[in-house]
Amino acid sequence: MPILTVRNVNKRFGGLKALNEVNLEVEEGTVHAIIGPNGAGKSTLLNCFVGRLEPDTDTVDFDGTSLLGIKPHEINQVGVSRVFQTPEIFGDLSLVENVMIPALAKRDGAFKLNGWSAMNGETELRQKSMEMLGDLGLADQAEQQASQLSRGDKRRLELAMCLIQDPKLLLLDEPTAGMARADTNNTIDLLKEIAKRGITMVVIEHDMHVVFSLADKISVLAQGTVIAEDLPEKIKGNPKVQEAYLGGAHL
Amino acid sequence: MLTQTSKKGDLLLLLGFVLAVAFGPIILQPFGAGYPDLLQKFAIFGIFAIGFNILFGLTGYLSFGHAAFLGVGPYTAVWSFKLLTMNVVPAIIFAVVVSGVFALLIGFVSLRRSGIYFSILTLAFAQMSYNLAYSVLTPITNGETGLQLRQHDPRVIDTMFGINYGAELPSTTLFGIPMSGWSGYYFCGVVLIIMFYISMRIFRSPFGMMLRAVKSNQNRMNYTGLNTRPYTLAAFVISGMYADLAGGLMAVTDPLAGAERMQWTASGEVVLMTILGGTGTLLGPVIGAGAIKYFENIFSAFNEGTLLQIFSFLPEGLQHAAVSVAALFVGEGWHLTLGALFMIIVIFLPGGLMEGVNRIMRLFTKSGSGGSSPQATAQPAE
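Residues numbered from 1 in each chain as written. Chains lettered and ligands numbered in written order. Predicted model: local features only at pLDDT ≥ 70, side-chain atom pairs only at ≥ 80, totals over all residues. Heavy atoms only, no water.

Residues and elements named next belong to chain A. Along its sequence, chain A is organised into domain 1 (1–79 + 167–251) and domain 2 (91–166). Look at where the C-alpha atoms of domain 1 and domain 2 centre, and you get two points 27 Å apart. Taken together, the 20 residues of domain 1 in the interface contact 15 residues of domain 2. Between domain 1 and domain 2, the buried area comes to about 1,400 Å², and carbon and sulfur atoms account for 60% of it. Among the residues of domain 1 in contact with domain 2, Q77, P167 and L190 are the three that bury the most area, contributing 35% of the side total. (Domains from an automatic or database assignment. Contact = heavy atoms within 4.5 Å. Buried area = accessible area lost by both parts, 1.4 Å probe.)

Pasting the structure below:
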């Protein structure tokens, strides 16, 4: 039973057809990677899932809800969390506050005028947030300002912020972009751990090392269309993929 | 930052604040500011700045139109004095309610944009309100003359209770206590304490944390399932109501409403107060408001005579030269002093006067307990 169904999605930017009849089905509990050369439309596709872009046609269904025409915060409220290419965190706030905000959003909804209740009273929420930070190895820095973290730790924090919401689907846009090798490996291990929890993930990635260590299934996007969709080991040998992706060279 | 704040610390801060308001007249006596008119100004502008800080300090939205709310307050209050009663309670309630609606309208439109465009929109709205009050709305605002009390105003409620002010022009009261002099100050002081406490609750609440998140990263907020628009609008309306309350209190002290309070300079002044005191801090805006009103009072009172006296130790030629230079900075030109002061603060204490206070405090705690700030320094990133 697919949790995310994308059917016949088109997106035009003026004369450029960025997405052309894209079809995609993501099975629940799997890691689905979307790869493709630069300009293939990977990020455009992701942005169509989260309400940042309005696709031209047809279906983006998530768990029985259409994601078309609804706002980013509403999409999050139905259970889709997103990790950005550059980690998007609350830089001015402490780590634990960074995690408590999404937890509050999950509990209280998109808006609550609770100006009279005290943050100090939220002991349970704080406890939960601290545990989540502990899970991701950030417990020591919990009271530190988030902007002071390293790139890799910012990514960890962003993941903590997504995970505390217990998302049904986690979207990751190049989760290791711009990271040093050591950070990349740590992030892969972390994502594997998260996958084990049974959270469905859609990963967009350049780095083949990352893709093949994580993905259960891979879709290859080239010039706005899905040219192949298969298991990782089969994708490697697919001549169409090699042609599009590496201009004929072997992976 | 303001993460795990101790309840005890907040209680102490509030207690200190109450004491400062209660003994303000005695504390400020040596500085020549221990009289009710000036202290009342401190309190009123303190409320104005506290409210402004809820919007600007927490969400980072810089409104240049808060004078519009400050200006609406007196009109509403004076109308309440004219039509209903000289009691200040209904006047203030009306002022706050009317401005709440007004702020909702302006905020709804202005908050469609952020950054500089938001500032410009609010500025435009304030100038529009100012011009409307001056011209088109003359039947309500009495235009250039300003709205004043008259002997033959209806004052329905007062008449109902058989209160008759005779031939004199009536003065404002709080259930019979005249709102002038010290009672006027203490009334404003009590309101200031209440408003300070409300602001403290907001700062320490989940709502307040969301407002700080708006300032930090709106994009992340949206993708975290939070709708930023109602948060910013709520902050805007709350701060507008604070401004209007301040405006209402002005009318309590001096029941006269004029359009000049809506001018953009008044909007600019509250920005200065907040930044001077410390944006985003609890106490900063009050201190900033007090400092600016104090200096305004001191420096604008200087005239050539006092300057000649101050420089009387110099030989005559030099004395006149010194006086003519110094005269630029006092009296009418005291804004020059304010400007210089503001520049110094922004350059050397970007966090405002509160940062200065904190630095001094840290100096003491360091020498006292041998350095107890483990979290203050940034841990090196891995």
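Here we take up the interface of chain A and chain B. How large an interface is tends to be reported as the accessible area lost when its parts come together. Tallying the contact residues gives 48 residues for chain A and 37 residues for chain B. Buried surface at the junction of chain A and chain B, summed over both partners, amounts to about 3,800 Å²; 56% is from carbon and sulfur atoms. Of all residues in chain A, A:F90, A:W116 and A:N120 give up the largest surface area on contact with chain B, accounting jointly for 16% of the area buried on that side. Linking chain A to chain B there are two salt bridges. Across the pair B:R212 and A:E97 runs a salt bridge whose closest N-O atoms are separated by 3.0 Å. Secondary structure elements with two or more residues in the side of chain A that touches chain B: α2 (72–77), β6 (80–83), α3 (95–108) and α5 (151–163) of chain A. (Salt bridge = Lys/Arg side-chain N within 4 Å of Asp/Glu carboxyl O. Helix = DSSP H or I, 4+ residues; strand = E, 2+ residues; numbered from the N terminus.)

Residue and element names in this part refer to chain A. One open sheet accounts for four strands, arranged β2-β1-β4-β5; its pairing is antiparallel. Of all strands in the sheet, those bounded by a partner on one side alone are β2 (16–27) and β5 (65–66). Taken together, the eight bridges between strand β1 (residues 2–13) and β2 define a ladder with antiparallel strand orientation. Residue T5 lies in a different strand from β2, and its bridge partner there is E25. (Pairing = 2+ DSSP bridges.)

What follows is about the nonpolar core. Among the nonpolar cores identified, the biggest contains 134 residues, and A:L157, A:L159, A:L170, A:I194, B:I47, B:F81 and B:F187 are the most heavily contacted of them. Per-domain counts for this core show at least three residues from each of domain 1 (1–79 + 167–251) and domain 2 (91–166) of chain A. Leaving out residues up to four positions away in the same chain, A:L159 has contacts with A:V83, A:L136, A:L170, A:L172, A:L190, A:L191 and A:I194. (Core = buried A, V, L, I, M, F, W, Y, C linked by side-chain atoms within 4.5 Å. Buried < 20%, exposed > 50% of the residue type's maximum accessible area, 1.4 Å probe, protein only.)

The subject of this paragraph is the confidence of the model for chain B. Scored by pLDDT, chain B comes out at a mean of 85, with 93% of its residues at no less than 70. In this model, residues 368–382 of chain B is a region of pLDDT below 50 whose contacts with residues beyond four sequence positions or in other chains number 13 contacts. (pLDDT = per-residue confidence, 0-100.)

Another point: a nonpolar patch on the surface. All names here are of chain B. Taken together, the side chains of L12, L15, L19, F23, I26 and I27 make up a nonpolar region of the molecular surface, amounting to roughly 610 Å² of accessible area. Among the elements of the structure, α1 (7–22) and α2 (24–27) are those that each provide at least two residues to the nonpolar patch. In terms of residue count, the dominant contributor to the nonpolar patch is α1 (three residues). Looking at where L15 falls in the secondary structure, it is placed in helix α1. (Patch = residues over 30% accessible without salt bridge, like charges linked within 9 Å, V, L, I, M, F, W, Y side chains within 5 Å. Areas by Shrake-Rupley, 256 points an atom, 1.4 Å probe, with all protein chains shown as cover.)

On to the packing of α5(A) against helix α6 (residues 181–196) of chain A, then. Helix packing for two helices is described by the angle between their axes and how far apart those axes are. Residue and element names in this part refer to chain A. For the pair α5 and α6, the least separation of the axes is 10 Å and the interaxial angle reads 15 degrees. When the axis of α5 is compared with that of α6, the two are roughly parallel. Pair α5 / α6 crosses with right-handed handedness. Every residue of α6 that contacts α5 at G152, R155, R156, L159 and L163 is listed here: D183, N186, T187, L190, L191 and I194. When the residues that make up the contact of α5 with α6 are grouped by side-chain class, the tally is five nonpolar, three polar and three charged. (Axes fitted to C-alpha atoms, helices over the stretch in contact; angles between N-to-C directions. Parallel < 35°, antiparallel > 145°, perpendicular 65-115°, else oblique. Left-handed = near helix turned anticlockwise from the far one by under 90°. Nonpolar A, V, L, I, M, F, W, Y, C, P; charged D, E, K, R; others polar.)

A separate point is helix α10 (residues 206–216) of chain B. Here α10(B) lies mainly inside the structure; 10 of its 11 residues are buried. Buried-residue contacts for α10(B) involve α3 of chain A together with α3 (36–59), α9 (181–203), α11 (218–222) and α12 (228–253) of chain B.

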